Amino acid sequence: MSNVQTMEFDPDIDIQVLDGVYEPAEDSFLLLRSIDIRPGIRILEVGTGSGFIALHCAKAGVLVTATDISPVAVETARSNAKRNSLQIDIVQTDLASGISGKFDIILFNPPYITGEDGDVLTKREKEQLVGGSGGHEISIRFLDEVHDLLCEGGDIFLLTSSQSENNILEYARGIYEMEHMLNKELFFERLSVYRFNKTV
Ligand SMILES: C[S@@+](CC[C@H](N)C(=O)[O-])C[C@H]1O[C@@H](n2cnc3c(N)ncnc32)[C@H](O)[C@@H]1O
């Protein structure tokens, strides 16, 4: 399709990360690279952290709403938006609770490690990294809760880990059509981005 733009890392976007907020990492970059956008669409990023992905989308001229459950992440994302003179609507909430309207693209780089692997982490680290006892619970809740916020023909992009993705893909079958977009092999896991489209 013409005027579709694939997102690339923009080193001119100045991201500063307050203590206790997720520093953009391999998973953030992979999710960013998998998104393609068109001017004028509406994007919802759940779990925005520093605002890294949301700010790239805003700079590309789309309307962005972003959420995070962590007050310090919301504060960080707001100050990064201001520093870069970019407009994002940033809401502190659980997933997309209280968000209304319809979105063309919905994104989430979720916490995805298992409760057991996260045993040694601090409370703040767990919030950023642990996706539930099996690592998949928060992603399943996300796919369930954002279903009605997605436009007909819209796309959800969700990052997964090979350590916890089977339950997510199993859950999504029947509700969404799925496409594997990108992956990145790391030492102990494979990160992937899947695109989900509504079937019902
Ligand atoms: C892996 S980090 C990703 C941050 C950022 N999107 C990125 O890619 O760099 C996960 C983010 O999800 C947020 N988060 C965790 N549970 C959440 C929930 N229930 N609702 C909203 N955000 C949540 C965390 O605070 C954290 O900022």
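Refer to the structure above for everything that follows.
So, here's what we can say about the structure. (Residues numbered from 1 in each chain as written. Predicted model: local features only at pLDDT ≥ 70, side-chain atom pairs only at ≥ 80, totals over all residues. Heavy atoms only, no water.)

1. Remarks on the sheet that holds strand 7 (residues 150-161)
The strands making up a sheet are joined through hydrogen bonds of the backbone, oriented either antiparallel or parallel. The strand order 5-4-3-6-7-9-8 describes an open sheet built from 7 strands, whose pairing is mixed. Edge positions in the sheet fall to strand 5 (89-92) and strand 8 (176-185), since each has one partner strand and no second. Each neighbouring strand pair of the sheet contributes to a mean axis angle of 15°, computed without reference to strand direction. In terms of strand pairing, strand 8 meets strand 9 (residues 190-198) through 9 bridges, oriented antiparallel. For Lys-184, the partnering residue across the bridge sits in strand 9 and is Leu-191. (Pairing = 2+ DSSP bridges. Helix = DSSP H or I, 4+ residues; strand = E, 2+ residues; numbered from the N terminus. Axes fitted to C-alpha atoms, helices over the stretch in contact; angles between N-to-C directions.)

2. A look at unusual backbone geometry
Despite not being glycine, Ser-85 has its phi angle at roughly 50°, a positive value. With respect to the helices and strands, the residue Ser-85 is situated in the loop between helix 3 (71-83) and strand 5. According to the relative accessible area criterion, Ser-85 is exposed, its value standing at 65%. For Leu-95, which is not glycine, the phi torsion reads 50° and is therefore positive. Within the fold, Leu-95 resides in the loop between strand 5 and strand 6 (103-108). Taking relative accessible area as the criterion, Leu-95 reaches 5% and is therefore assigned buried. (Buried < 20%, exposed > 50% of the residue type's maximum accessible area, 1.4 Å probe, protein only.)

3. Considering the site of the ligand
Taken together, 21 residues surround the ligand, and among them Ser-28, Gly-47, Asp-68, Asp-94 and Leu-95 come closest. Asp-68 is positioned with one of its side-chain polar atoms (N or O) 2.6 Å from an oxygen atom of the ligand. A distance of 2.9 Å separates an oxygen atom of the ligand from a polar atom in the side chain of Asn-109. For the ligand, the accessible surface in isolation is 600 Å², of which the surrounding protein chains cover 97%. At the level of secondary structure, the elements contributing two or more residues to the shell around the ligand comprise helix 4 (123-129) and helix 5 (137-145). (Near = heavy atom within 4 Å. Polar contact = N/O pair within 3.5 Å; in protein donor to acceptor, adjacent residues only side chain to side chain. Areas by Shrake-Rupley, 256 points an atom, 1.4 Å probe, with all protein chains shown as cover.)

4. What to know about the layout of surface pockets
Its volume calculated, the largest pocket comes out at about 670 Å³. Lining the largest pocket are 41 residues, with Asn-109, Pro-110, Pro-111, Glu-127 and Gln-128 positioned closest to its centre. Elements that contribute at least two residues to the lining of the largest pocket include exactly helix 1 (26-34), strand 3 (42-46), helix 2 (52-59), strand 4 (63-68), helix 4 and helix 5. Looking at the lining of the largest pocket residue by residue, the classes come out as 21 nonpolar, 11 polar and 9 charged. (1 Å grid on protein atoms, 1.4 Å probe; cavity = no way out; pocket = protein on both sides within 12 Å on 5 of 7 lines; lining within 4 Å. Points joined across faces, edges and corners; volume = space filled by probe spheres on them. Nonpolar A, V, L, I, M, F, W, Y, C, P; charged D, E, K, R; others polar.)

5. Considering the packing of helix 1 against helix 2
Remark: helix 1 packs on helix 2, axes separated minimally by 10 Å, with the N-to-C direction vectors making an angle of 30°. As far as their axial angle goes, helix 2 and helix 1 are roughly parallel. Of the two elements, helix 1 crosses helix 2, and the hand of that crossing is right-handed. Residues Ser-28, Phe-29, Leu-31 and Leu-32 of helix 1 form the contact with helix 2, whose participating residues are Phe-52, Ile-53 and His-56. In terms of residue class, the contact of helix 1 with helix 2 is built from 5 nonpolar, 2 polar and no charged. (Parallel < 35°, antiparallel > 145°, perpendicular 65-115°, else oblique. Left-handed = near helix turned anticlockwise from the far one by under 90°. Contact = heavy atoms within 4.5 Å.)

6. Quick look at the environment of Asp-89
For Asp-89, the position within the fold is in strand 5. Sequence separation between Asp-89 and Ile-15 is 74 residues, and the spatial gap between their C-alpha atoms is 17 Å. Excluding anything up to four places from it in sequence, Asp-89 contacts Val-64, Thr-65 and Ala-66.

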